[in-house]
Amino acid sequence: MSAVSVAGKHDGSTLAKYPRMNLGTILQRGSALGILVLLPVHVKTGDWIAQHAVGNTGFIVLVILEILFWVMIGVHVTMSLSRALISLGLLENMKTKKTIDFMTGILCAAGISVSAYIIIVTQLVLLNM
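1. With respect to the nonpolar core
Argument step 1. Core analysis: the biggest nonpolar cluster contains six residues, these being Val41, Ile49, Phe59, Leu62, Val63 and Ile119.
Argument step 2. Of all the elements in the fold, those that place two or more residues in this core are α2 (23-50) and α3 (56-87).
Argument step 3. When residues in this core are grouped by element, the largest group, three residues, is from α3.

2. Observations regarding the packing of α2 against helix α4 (residues 94-127)
Argument step 1. Put simply, α2 and α4 touch, their axes get as near as 7 Å, and they point 35 degrees apart. Viewed along their axes, α2 and α4 form a crossing whose handedness is right-handed. Contacts from Thr45, Gly46, Ile49 and Ala50 of α2 reach α4 at Gln123, Leu126 and Leu127.
Argument step 2. For the contact of α2 with α4, a count of residues per class yields four nonpolar, three polar and no charged.

3. Considerations on the packing of aromatic side chains
Argument step 1. Taken as a whole and judged by the stated rule, the model has one aromatic pair.
Argument step 2. Between the aromatic rings of Phe69 and Trp70, the centroid separation amounts to 5.4 Å while the plane-to-plane angle is 80 degrees, which identifies the pairing as edge-to-face.
Argument step 3. According to the relative accessible area criterion, Phe69 is buried, its value standing at 4%.
Argument step 4. Exposure remark for Trp70: the relative accessible area of 30% places this residue in the partly exposed category.

4. Quick look at unusual backbone geometry
Argument step 1. Phi angles above zero are rare outside glycine, and His52 is one such case at about 55 degrees.
Argument step 2. Tracing the backbone shows His52 in the loop between α2 and α3.
Argument step 3. You can call His52 partly exposed: its relative accessible area is 42%.

5. Remarks on the pattern of salt bridges
Argument step 1. The final tally for this structure, using the stated rule, is two salt bridges.
Argument step 2. Close ionic contact of Asp47 with Lys44 constitutes a salt bridge, the shortest N to O distance being 3.3 Å. With Asp47 and Lys44 both in helix α2 and three residues apart, the pair spans about one turn of that helix.
Argument step 3. Among the salt bridges present, the one from Asp101 reaches Lys97, with a minimum N-O distance of 2.8 Å. In this pair, Asp101 and Lys97 both sit in helix α4, four residues apart, roughly one turn of the helix.
Argument step 4. The exposure class assigned to Lys97 is buried, which follows from its relative accessible area of 15%.

6. Regarding the side chain of Gln123
Argument step 1. Here Gln123 is to be found in helix α4.
Argument step 2. Setting aside chain neighbours within four positions, we find Gln123 in contact with Thr45, Gly46, Ile49, Phe59, Val63 and Glu66.

7. Remarks on α2
Argument step 1. Spanning 28 residues, α2 covers 39 Å between terminal C-alpha atoms, matching the ideal 40 Å at 1.5 Å per step.
Argument step 2. A bend of about 45 degrees at Lys44 is the largest found in α2.
Argument step 3. Taken together, the buried positions of α2 are Gly24, Thr25, Gln28, Ser31, Gly34, Ile35, Leu38, Val41, Thr45 and Ile49.
Argument step 4. Buried residues along α2 sit against α3 and α4.
Argument step 5. Positive phi appears at His52, one or two residues downstream of α2, with a value of about 55 degrees.

Thresholds, definitions, all that
Residues numbered from 1 in each chain as written. Predicted model: local features only at pLDDT ≥ 70, side-chain atom pairs only at ≥ 80, totals over all residues. Heavy atoms only, no water. Core = buried A, V, L, I, M, F, W, Y, C linked by side-chain atoms within 4.5 Å. Buried < 20%, exposed > 50% of the residue type's maximum accessible area, 1.4 Å probe, protein only. Helix = DSSP H or I, 4+ residues; strand = E, 2+ residues; numbered from the N terminus. Axes fitted to C-alpha atoms, helices over the stretch in contact; angles between N-to-C directions. Left-handed = near helix turned anticlockwise from the far one by under 90°. Contact = heavy atoms within 4.5 Å. Nonpolar A, V, L, I, M, F, W, Y, C, P; charged D, E, K, R; others polar. Phe/Tyr/Trp six-rings, centres within 6.5 Å; stacked < 30°, edge-to-face > 60°. Salt bridge = Lys/Arg side-chain N within 4 Å of Asp/Glu carboxyl O. Expected span 1.5 Å × (residues − 1). Bend = angle between axes of the 7 residues up to and from the residue.

Now the structure itself:
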């Protein structure tokens, strides 16, 4: 829905005017686009590695893309959670919003770090099967 809003209704046409103020929105939309682009690769990565359909270089590229997919999800959650709370009427205080953004960023960074380790280990196991 956001992509339709930005492309079809030109809702994002003024984002470039104030890049510093709109950085969160730019990151949110960019990460959503990154998720959409990387989703098919994410779905098929395990199959490609388990079937040995890629060589060593392909394996490295797939692992990097898989980690990048989870980075995009982490960035998107970090940028979106407090905005969702505002939209739902559950959050009004800007100081609380900044605290939630900070804490969400820390949790997502930790989750991405754990995910990267798990991805590397499981993909190596699949490669060696």
